[in-house]
Amino acid sequence: ASTISAAEAAQIIPANARKAYEQGLKLQKENKGAQALTQFNQAIELFSEYFQAHTERGNLLMQQNKLTEAETDFEQALQLNSKYTPALRGLGYCQIQQKQFSAALSNLEKAFVLEPSVPMTLLLLGYANLSLNHNEEAKQCLHQALKLGPESAARAHVYLAEIYAQEQKFTEAADAMHTYLKLKP
C-alpha cells in the first residue's frame, strides 16, 4: 500500500472525478490503455487540479511513447504539487528518453530527496549520471537501486557492466551482465 502525502490528503476531490480516476487506474492495470485514457481525461475535465490524474495520464502517454504529451502532463502535475514524486520521476524518464540528461538528473534528484527508497528513481538517476559520464555517482545509485529492489532494478546490472567496461574492468563487466541474464533470461 502506498502512503499519501499531506497535499493529497488535503486535496478535496469531487466524487465523480475520483470515480473516473479510480476507473482509469483499474483499466490501466487491465492493459486497456485507450479506455483508461478516457477516464483520466474525464477526471481532469471534472477537476483540473487533480495532479494524480495528470500524472497517471502522463504515465499512460509515456507507455505509448507520446513523450511530449506525457511531459506536459507531468509538468502540469508539478505546477499543482511540486513535490509529487511520481510526476518528478515521470518527467525525468521522459527527459532521459529525449536525451535531456541534465534536466532529468535535476528532477530525479528532487524525487530522490523526497522519497529515497524507490528503486526506479535510483535506477533512472544512475542512468542519467552514466549518460553524463558521472560514473561514480552512477555506480552509487545503481548499487543502491539493486539493494532496494533487486528484481525491479535488474537493468542496473547492464548499466554497471557498461561502467565497468569503460573502466577496463572486464571481469566485473562480464559478471554484471551474467547476473542480469540470470534475472532476465
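Below or above, wherever it landed, is the structure these notes cover. In this text, all values refer to a predicted model and were calculated from it rather than measured experimentally.

## Focus on the pattern of salt bridges
Stage number 1. The full count for this structure, using the stated rule, is six salt bridges.
Stage number 2. Among the salt bridges present, the one from Asp73 reaches Arg57, with a minimum N-O distance of 2.7 Å. On the criterion of sequence distance, the pair formed by Asp73 in helix H5 (residues 67–80) and Arg57 in helix H4 (residues 51–63) is long-range, its members being 16 residues apart. Neither Asp73 nor Arg57 differs from the other in exposure class; each is buried.
Stage number 3. Here Glu167 ties to Lys139 by a salt bridge, and the two come within 3.0 Å at their closest N and O atoms. You can see Glu167 sitting in the loop between helix H10 (156–166) and helix H11 (170–183) and its partner Lys139 sitting in helix H9 (residues 135–148), a full 28 residues away along the chain.
Stage number 4. Take Glu167: its relative accessible area is 25%, and that puts it in the partly exposed class.
Stage number 5. Relative accessible area serves as the criterion here: at 11%, Lys139 is assigned to the buried category.
Stage number 6. Connected via shared salt-bridge partners are Glu136, Lys139, Glu167 and Lys169.

## Thoughts on helix H7 (residues 101–114)
Stage number 1. For H7, with 14 residues, the first-to-last C-alpha span of 20 Å sits near the 20 Å given by 1.5 Å per residue.
Stage number 2. Inspection of H7 places Phe101, Ala104, Leu105, Asn107, Leu108 and Ala111 among the buried residues, and these make up the whole buried set.
Stage number 3. In this structure, the buried side of H7 is in contact with helix H6 (85–97) and helix H8 (119–131).

## Remarks on the environment of Ala165
Stage number 1. For Ala165, the location among the structural elements is in helix H10.
Stage number 2. Classification of Ala165 by relative accessible area gives partly exposed; the value is 29%.
Stage number 3. Each C-alpha atom, one on Ala165 and one on Arg155, is 16 Å from the other, the two residues being ten residues apart in sequence.
Stage number 4. Those residues in contact with Ala165, other than ones at most four positions away along the chain, are Phe170 and Ala173.

## Some points on the packing of H8 against H10
The geometry of a pair of packed helices is captured by two quantities: the angle between their axes and the separation between those axes.
Stage number 1. Interaxial distance between H8 and H10 falls to 10 Å at its minimum, and their mutual angle equals 25°. By the angle between their axes, H8 is roughly parallel relative to H10. When you trace H8 past H10, the crossing you get is left-handed. Residues Leu123, Tyr127 and Leu130 of H8 form the contact with H10, whose own contacting residues are Ala156, Tyr159, Glu162, Ile163 and Gln166.
Stage number 2. Tallied by class, the residues present in the contact of H8 with H10 amount to six nonpolar, one polar and one charged.

## Some words on unusual backbone geometry
Stage number 1. Here Asn133, not a glycine, exhibits a phi torsion of approximately 60°, which is positive.
Stage number 2. Within the fold, Asn133 resides in the loop between H8 and H9.
Stage number 3. You can call Asn133 exposed: its relative accessible area is 60%.

Rules used throughout
- Residues numbered from 1 in each chain as written.
- Predicted model: local features only at pLDDT ≥ 70, side-chain atom pairs only at ≥ 80, totals over all residues.
- Heavy atoms only, no water.
- Salt bridge = Lys/Arg side-chain N within 4 Å of Asp/Glu carboxyl O.
- Helix = DSSP H or I, 4+ residues; strand = E, 2+ residues; numbered from the N terminus.
- Buried < 20%, exposed > 50% of the residue type's maximum accessible area, 1.4 Å probe, protein only.
- Expected span 1.5 Å × (residues − 1).
- Contact = heavy atoms within 4.5 Å.
- Axes fitted to C-alpha atoms, helices over the stretch in contact; angles between N-to-C directions.
- Parallel < 35°, antiparallel > 145°, perpendicular 65-115°, else oblique.
- Left-handed = near helix turned anticlockwise from the far one by under 90°.
- Nonpolar A, V, L, I, M, F, W, Y, C, P; charged D, E, K, R; others polar.

Any link to function would need more than the numbers given here.
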